[in-house]
Structures are given as C-alpha cells and as structure tokens.
Amino acid sequence: MNDGEGALAELKGKKVTVMGLARSGVAAARLLQAVGAKVTVADAKEDADVATVLSQLDRRALTVMVGRGYESALEGAELVVISPGVPYRMAALQAVRRRGGRVIGEMELASWFLTAPTLAVTGTNGKSTTVTLTGLFLAESGKRVFVGGNLGTPLCEAALAFYQWKSQGRGDVKGPYDYIVAEVSSFQLETIERFHPWIAAVLNVSMDHMDRYESLQDYVETKARIFQNQTAEDFALLNRDDERVAGLDRGLRAKVLGFSRTKPVEAGAYLDGDRVMVAVGGRIDEVCRREDIRIPGGHNLANAMAALTIALLCGCPLEAARRVLQTFPGLEHAMEIVRERAGVTFVNDSKGTNVDATLKALESFNRPIVLIAGGRDKGGDFARLGESVARRVKKVILIGEAAPRIREALSGFERISDAASLREAVETAAREATSGDVVLLSPACASFDMFADYKDRGTQFKNLVKGLS
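Quick notes on the rules
- Residues numbered from 1 in each chain as written.
- Predicted model: local features only at pLDDT ≥ 70, side-chain atom pairs only at ≥ 80, totals over all residues.
- Heavy atoms only, no water.
- Pairing = 2+ DSSP bridges.
- Helix = DSSP H or I, 4+ residues; strand = E, 2+ residues; numbered from the N terminus.
- Core = buried A, V, L, I, M, F, W, Y, C linked by side-chain atoms within 4.5 Å.
- Buried < 20%, exposed > 50% of the residue type's maximum accessible area, 1.4 Å probe, protein only.
- Contact = heavy atoms within 4.5 Å.
- Axes fitted to C-alpha atoms, helices over the stretch in contact; angles between N-to-C directions.
- Parallel < 35°, antiparallel > 145°, perpendicular 65-115°, else oblique.
- Left-handed = near helix turned anticlockwise from the far one by under 90°.
- Nonpolar A, V, L, I, M, F, W, Y, C, P; charged D, E, K, R; others polar.
- Salt bridge = Lys/Arg side-chain N within 4 Å of Asp/Glu carboxyl O.
- Phe/Tyr/Trp six-rings, centres within 6.5 Å; stacked < 30°, edge-to-face > 60°.
- Lys NZ or Arg CZ within 6 Å of the ring centre and 35° of its normal.

Visitor: Kindly report on the pairing of strand β14 (residues 283–289), identifying the contributing residues and their values.
Guide: In terms of strand pairing, strand β13 (residues 275–280) meets β14 through six bridges, oriented antiparallel. Along β14, the bridge assignment pairs Val278 with Asp285. Linking β13 to β14, which pair antiparallel, is a turn of two residues; within it Gly281 sits at a positive phi near 70 degrees.

This is the structure:
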C-alpha cells in the first residue's frame with residue numbers, strides 16, 4: 001500500500017507518454033492528467049478509430065499522436081505507461097530504456113495510489129471467476145470492494161477514486177474501498193516495479209501466449225513476479241495440484257497457503273471426500289458440500305477454493321461465503337449455458353482461449369460433445385486435445401485461422417469438419433447433435449481473426465443459438 005504523496009511528487013509536471021488507447025490506457029491518461037503530469041497519448045490506430053476513446057479525455061491539456069509515426073511520442077518522455085497489449089520488448093521501448101527512461105504498465109501506475117489492501121490473482125485460466133467470487137464474498141460480508149484489473153475496469157480508475165477521495169479531505173484514511181481485488185495478467189506483471197499485493201495467488205500455469213514469450217519457463221517466471229515485492233506480513237496462495245505453481249514456494253518471503261482438490265493442506269482450502277474445507281487463522285472449518293457449489297466443473301471448484309481462502313483471510317464469515325457459492329451461476333462466456341433445444345445443451349465457453357481451458361471444459365461433461373473450436377493461434381499445443389477429444393467428442397467443427405493446425409494435431413480423429421463462419425458452425429452443430437448431447441463453443445484460440453474479442457465471439461454464438469428454430 002502507498003499514501004500517494006510520493007507518487008504525486010514523482011508525476012506532477014513530468015512528461016509522460018501513455019502508449020495504447022484501450023480502456024487501461026484511457027484510465028491511465030485520466031489519472032495522470034488529474035495529478036498534473038504533462039500527458040501525451042499514442043496509438044498505432046488512426047485518429048478516426050480512436051475518436052470515441054479520446055472524447056473521454058480532456059483534449060485541452062493533452063498531446064495526441066496516433067497513426068503513422070506514433071512512436072515519436074516516446075521522444076523526450078520521462079516516463080512511459082503502456083497498456084497490456086503493447087509488447088514490453090518492442091524496439092521503440094527498448095530505446096527508451098537505453099536512454100534512461102522508465103517504462104511501466106497501467107497496473108504499476110495505479111498501485112502507487114492505492115491505499116487499501118490489494119488482493120491479486122493470476123494464472124493461465126480461472127482468474128476472472130476467482131476475482132469475481134472473491135469480490136462477491138467480500139461484498140456479501142459488508143465490505144466496499146473494487147473488482148477489476150485485467151478483468152473489466154482498469155485499476156487506474158480505482159487509483160483515481162483514491163486520489164480524488166484524499167484531495168477532497170474526506171477523512172477516512174481507507175479511502176473509497178476496503179479492498180482492491182485485481183485480476184492480473186502476465187502482460188501486466190512484465191512491467192511492475194513496486195506493485196505490492198497483500199495477498200497474491202497463482203491459480204495454474206499452462207502453455208499460453210507462446211507468441212509473446214520465449215519459452216514456457218519465461219512465462220512461468222513472469223507469473224511469479226506477482227510475489228516479488230511481498231514481505232513476511234503478506235500471503236502467497238498456490239495451487240498445490242499444479243506442479244509448476246507448487247514449485248514457486250521456494251524463496252517466498254510471504255506466508256504461504258495452498259488449495260487442492262486432491263489432498264489436505266496445512267493452511268488454505270482443500271477437498272475432503274465431498275466436503276470443502278478451509279484451514280485459515282489456526283482453525284479448520286467445513287464450508288459446504290461440493291454439490292452445493294453452483295458453478296460446474298472441477299476447475300471451478302479449484303477457483304472457488306482459492307477465492308474462499310482469500311476472502312477468509314480478509315475476515316469474511318463462512319455463512320456469507322456459503323450464500324454466494326450456492327447462488328453464483330458463473331461468468332458470462334465461461335461455461336455459460338445458453339439454452340436447451342430438443343434435448344441438446346448449448347454451452348458458451350468463448351473465454352476458453354487456450355488449450356488448457358478447452359481441456360477443462362471438455363472434462364466438465366459426461367455427455368457426448370459437439371465441439372466448436374478454432375480462431376487465432378497463440379502458440380498452443382493442440383495435440384494435447386487429442387485424448388479428451390477421442391473420449392468425449394462425437395464431432396469437431398473448426399473455424400478461423402488455426403483450423404488447419406488443429407486438424408493436423410487431431411489427425412487420428414476422423415469426425416472433423418470446417419465451417420466458414422460461426423453461423424455455419426452453429427447450424428452444423430445443431431444438425432449433428434442429438435438429444436442428450438452438448439454443443440460446446442470452447443475455441444482454444446484467441447478471437448481476433450474473426451471477432452472484436454472473446455466477448456463479441458460469445459455474444460454472436462449466443463445470438464445464433466437463440467435464433468435456431
């Protein structure tokens with residue numbers, strides 16, 4: 001946590017360039033303008049493409065450099081703040097570092113102003129569900145909670161709220177929120193300096209973003225940066241069922257807790273038969289039965305146990321947690337049941353953007369599956385899908401750029417067809433599926449070849465499914 005005073009002195013009057021005008025870039029620019037920095041915003045997109053975004057900023061005190069030559073905005077900048085989608089290693093940013101300039105991310109900037117404890121969650125899959133559940137647990141127990149980061153609302157919006165709260169002399173030293181629950185991506189962790197979560201959790205690590213990292217080990221080490229500024233007063237939460245994650249406990253300064261679906265843990269959460277148990281604060285309690293948790297899938301059980309551990313460390317009563325677990329249906333676009341039609345269940349898992357997520361989705365059903373997969377390849381090992389597809393899938397329908405690679409990786413599976421569009425895929429799936437089957441959209445790929453993002457892909461899927469006669 002910080003008091004914000006040092007950050008204010010560090011930024012006031014400084015030349016700061018914000019690179020990338022997605023949501024996080026806009027939030028960073030608004031915060032920087034509020035604290036008196038001399039702000040330049042830059043983006044490769046042309047002016048017409050970012051006009052709506054720029055309307056959210058005070059253009060009177062802002063330099064805008066977009067389109068061709070936008071990288072010249074880095075010249076003379078004392079600090080550069082990048083959005084997660086901007087590659088940390090791009091040549092123009094390396095040049096900034098060589099001349100002594102600093103390059104940080106939007107999350108790092110926000111952390112300088114946050115005076116409430118930060119509860120940070122990273123992992124290849126399950127981050128959004130875990131932070132959402134954590135926020136719901138805390139809200140149910142009467143806490144004022146900000147939930148955001150890589151999920152939804154940028155952390156700089158929370159930082160601006162803290163800055164404005166303090167500027168208004170509100171008197172409450174805690175500020176507008178009691179806790180900050182942050183979904184943290186590996187891209188955001190690349191650029192941290194002082195980011196310091198009170199509780200930091202790593203849910204799992206599997207091959208993902210290999211188009212951005214040199215190796216799986218490089219990716220794992222980036223995830224582990226979430227712990228680098230913790231002290232003995234903090235908590236580190238690890239998935240004991242994931243070998244790569246469990247091995248991160250060596251050398252941690254924070255107090256280590258764990259969660260497991262397969263074995264008891266000394267501190268944290270675990271499954272005992274069909275009972276979900278928590279060992280926090282020197283006592284062991286039963287939270288609920290496994291079947292009491294509404295969201296489906298073993299992976300979501302693990303997410304729930306991680307969120308439970310975090311919430312109980314913050315003082316959340318067990319009864320409040322039980323109420324949430326019994327009612328929370330899961331996130332949109334994550335194992336979301338769209339409709340039942342002629343005995344067939346249609347499931348939207350558009351958020352399944354990597355191989356591991358799709359494997360978990362496939363393992364969640366004991367019914368024949370018609371799988372719709374494909375999109376933009378992120379360097380995934382599609383051959384890992386082979387065993388689950390052979391056991392659980394009656395038909396695979398492929399879309400998008402990665403379709404040829406997935407077909408090659410599943411060469412031993414004959415029931416594969418291609419679709420030129422998502423509409424064609426849904427119509428084919430509806431014809432192929434029979435009563436008792438599941439039609440599952442779980443792409444194992446990014447969406448950007450055909451859609452604006454995974455939400456757009458999921459929304460289009462839902463609309464097409466609801467439009468089936």
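Additional details are given in the paragraphs that follow.
Visitor: Can you tell me about the nonpolar core, naming the residues and giving the values?
Guide: Ranked by internal contacts, the top residues of the largest apolar core, which has 61 residues, are Leu11, Leu32, Val41, Val81, Leu109 and Phe113. Per element, the largest residue contribution to this core is seven residues, and it comes from helix α7 (residues 155–167). For Val81, the contacting residues outside a window of four places in its chain are Val16, Thr17, Val18, Met19, Ala28, Leu32, Ile104, Gly105, Glu106 and Leu109. Core analysis: the next-biggest nonpolar cluster, separate from the first, contains 46 residues, Leu203, Ile295, Ala302 and Cys316 among them.

Visitor: So what's going on with the packing of helix α2 (residues 23–34) against α7? Residues and values would help.
Guide: Closest axis-to-axis distance for the α2/α7 pair is 8 Å, and the angle between their directions is 20 degrees. Comparing their axes, α7 and α2 come out roughly parallel. Considering how the two elements wind past one another, α2 and α7 form a crossing that is left-handed. Judged by residue contacts, Ala27, Ala28, Arg30, Leu31 and Ala34 of α2 engage Cys156, Glu157, Ala159, Leu160 and Tyr163 from α7. Across the contact of α2 with α7, the residue classes break down as eight nonpolar, no polar and two charged.

Visitor: Give me the lowdown on the pattern of salt bridges, citing residues and values where you can.
Guide: According to the stated counting rule, one finds 27 salt bridges in the structure shown. Arg60 is the salt-bridge partner of Asp58, the closest N and O atoms lying 3.0 Å from each other. In this structure, the salt-bridge partner of Asp218 is Arg89, at a minimum N-O distance of 3.4 Å. Of the two residues, Asp218 sits in helix α9 (residues 216–224) while Arg89 sits in the loop between β4 (79–82) and α4 (91–98), which places them 129 residues apart along the sequence.

Visitor: Which residues make up the sheet that holds strand β17 (residues 369–373), and what are the values?
Guide: Spatial strand order, β15-β16-β20-β17-β18-β19: six strands in an open sheet with mixed pairing. For this open sheet the edge positions go to β15 (336–341) and β19 (416–418), each flanked by a neighbour on one side alone. Here the strands of the sheet are splayed against their neighbours by 20 degrees on average, with no regard to which way each runs. As paired elements, strand β18 (residues 393–398) and β19 share three bridges and run parallel to each other. Residue pairing in the sheet places Leu398 in a bridge with Asp418 of β19.

Visitor: Provide a residue-level description of the packing of aromatic side chains, including the pertinent values.
Guide: Tallied over the entire structure, the rule returns four aromatic pairs. A ring pair is formed by Phe113 and Tyr163, whose centres lie 6.3 Å apart and whose planes are at 85 degrees; its orientation type is edge-to-face. In this pair, Phe113 is assigned in the loop between α5 (106–111) and β6 (118–122) and Tyr163 in helix α7, connecting sequence segments 50 residues apart. Under the relative-accessibility criterion, Phe113 is labelled buried at 4%. Measuring from centroid to centroid gives 5.7 Å for Trp198 and Phe235, while their planes differ by 80 degrees, and the two rings are edge-to-face. Residue Trp198 is found in the loop between α8 (186–189) and β9 (199–202), and its partner Phe235 is found in strand β10 (residues 235–239); the two are separated by 37 residues along the sequence. The class of Trp198 is partly exposed, set by a relative accessible area of 22%. You can call Phe235 buried: its relative accessible area is 15%. If you follow Arg97 out to its NZ or CZ, it ends over the ring of Tyr88, 4.0 Å from the centre.

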